[in-house]
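# Architecture and fold: a report
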Amino acid sequence: MPSKLCSVAVASAGAYAAVQTFVSPSGLPEVRDQQVASRQLRGAAGPAPTAAAPAGTTALLALGAAGAAATAVKTTRHVAVRSRVVRQAAAVAEKTFTKVPASVKPGVVTGQALVDLLDYAKEKGFAIPGVNIVGTSSINACMEAAKKAGGPIMVTFSKGGGQFIAGKAADNTDDAASIAGTIAGALHVRQVAKLYGVPVILHTDHCQKAWLPWFDALLEASEDYFQKNGEPLFSSHMLDLSEEPLEENIALCKKYLERMAKINLLLEMELGITGGEEDGVDNSDVDSSRLYTQPEEVWQVYEALSSVPNGNFTVAAAFGNVHGVYAPGNVSLKPEILHNTQKYIKEKLGCESDKPVKFVFHGGSGSSQEDIQYAIKAGVIKMNIDTDTQWAFWDGVNQYQKKNVDYLQGQIGNPEGPEKPNKKYYDPRMAMRAGEESMAARLVKAMEDLNCVDVL
């Protein structure tokens, strides 16, 4: 007759095996391992108990079975909760809009859906804010603003922003951190964008000639993503070769667009120079004549890039744009350049459209609503904004600090008592959330200025 210890061993092994059989499909390694362990345990304990075994053995077996059943119930509940979350996410993903083209869905927009969205913006007279980000907080603030305003948003990664996401202490030899951080940020957007229920454009900002290795690595990431998912990781990329001779600028852009067109990536190119300073690029002292693009230059770009099969592009034509915010009178925007250019190219093409070119407005922070609206009428479909949103995020953090200053002087002790803890006040999420809310509010205001409200 087996001992009580042997009976317990048999009961435990049986219960554990039952749980594993429920949790893991038969044939998986963990099931096979458990079956071997169970056989070894039975061999060490002697023959299995018979129907004449003591009542205690039967009770232990019942207890083991009960434990298995309880675990099975918990597992079933876990699966049910997980399934519910998946269904909720799927419901958001399947959400349809009533105004934009049917190809445009919540989440990251690429390929033909992106082209349809930009054409729709040009037709309806609104522009999408292109916002520079530096981490998940600013990324999420962008999508929060879009959700509140009911419009699309463009999340924009700069080379420096990508490095910051990876961490300033990370090895950035050969742009390794800038590349890894930009890709990591894009994957974050990919994971959460659908949950906000708005179209999101994944874009990268100014890439000058010296930074092409960063650009090339991002293209490789999109090509790899395309092979696995049928669409690129990013929606679009910007090449800023405006400091190079016009012929070289156009030739390089065409070369890259030929590569990008194969995976449905849109190219943004720049003509003329955006003044001021941003992300380590200082054009503060550039000759003012280079801040204004001529219609003939845009036509050369349009003619070259339009010849690329499946090639889609936008043009950041300079009309006095400057990065940063300056006192009134220091910046002279001339959006009439864009109007004249559209008219010039329409005549060259002999087309019916009054706005054959999709223009981009750089250096939007601090611009007057009058200039913004006039530029939109000339076919601007996206306006970059960075300085204003940087300030808004900081201002939110600063106001939080001012409001709660008496609770932020130490871990313990505040106006409510010398032994009162302050953890809930200095929790980094509190100040960061205040920054997100402030930035989102500023972006909603920008979307109002861009007519990008309730357009979905």
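Rules of the game
- Residues numbered from 1 in each chain as written.
- Predicted model: local features only at pLDDT ≥ 70, side-chain atom pairs only at ≥ 80, totals over all residues.
- Heavy atoms only, no water.
- Buried < 20%, exposed > 50% of the residue type's maximum accessible area, 1.4 Å probe, protein only.
- Helix = DSSP H or I, 4+ residues; strand = E, 2+ residues; numbered from the N terminus.
- Pairing = 2+ DSSP bridges.
- Salt bridge = Lys/Arg side-chain N within 4 Å of Asp/Glu carboxyl O.

This next bit is on the pairing of strand 9 (residues 313-317). With respect to burial, strand 9 is a largely interior element, 5 of its 5 residues being buried. Across the two faces of strand 9 the burial is the same, with Phe313, Val315 and Ala317 and Thr314 and Ala316 all buried. The pairing of strand 6 (residues 266-271) with strand 9 spans 5 bridges and is classified as parallel. The residue bridging Met269 from the neighbouring strand is Val315, located in strand 9.

Turning to the pattern of salt bridges, a few remarks are in order. For the structure shown, the criterion picks out 16 salt bridges. Across the salt bridge formed by Glu231 and Arg190, the nearest N and O atoms sit 2.8 Å from each other. Placement of Glu231 in the loop between helix 8 (212-229) and strand 5 (236-239) and of Arg190 in helix 7 (residues 176-192) is noted, with a sequence separation of 41 residues between them. On the basis of relative accessible area, Glu231 is assigned to the partly exposed category, the value being 23%. Residue class for Arg190 comes out buried when judged on its relative accessible area of 16%. With a shortest N-O distance of 2.9 Å, Lys445 and Asp449 are connected by a salt bridge. Residue Lys445 and its partner Asp449 are located together in helix 15 (residues 428-449), separated by 4 residues, close to a single helical turn. Looking at Lys445, the relative accessible area reads 38%, which means it is partly exposed. The class for Asp449 is buried, based on a relative accessible area of 12%. The network of salt bridges with shared partners includes Glu144, Lys148, Arg433, Glu436 and Glu437.

With respect to burial, strand 11 (residues 380-385) is a largely interior element, 6 of its 6 residues being buried. Bridge count between strand 2 (residues 128-132) and strand 11: 4 bridges; the pairing is parallel. Pairing of Val131 across the sheet is with Ile385, part of strand 11. With 3 bridges joining them, strand 10 (residues 359-361) and strand 11 adopt parallel strand pairing. Directly across from Phe359, in strand 11, lies its bridge partner Val380.

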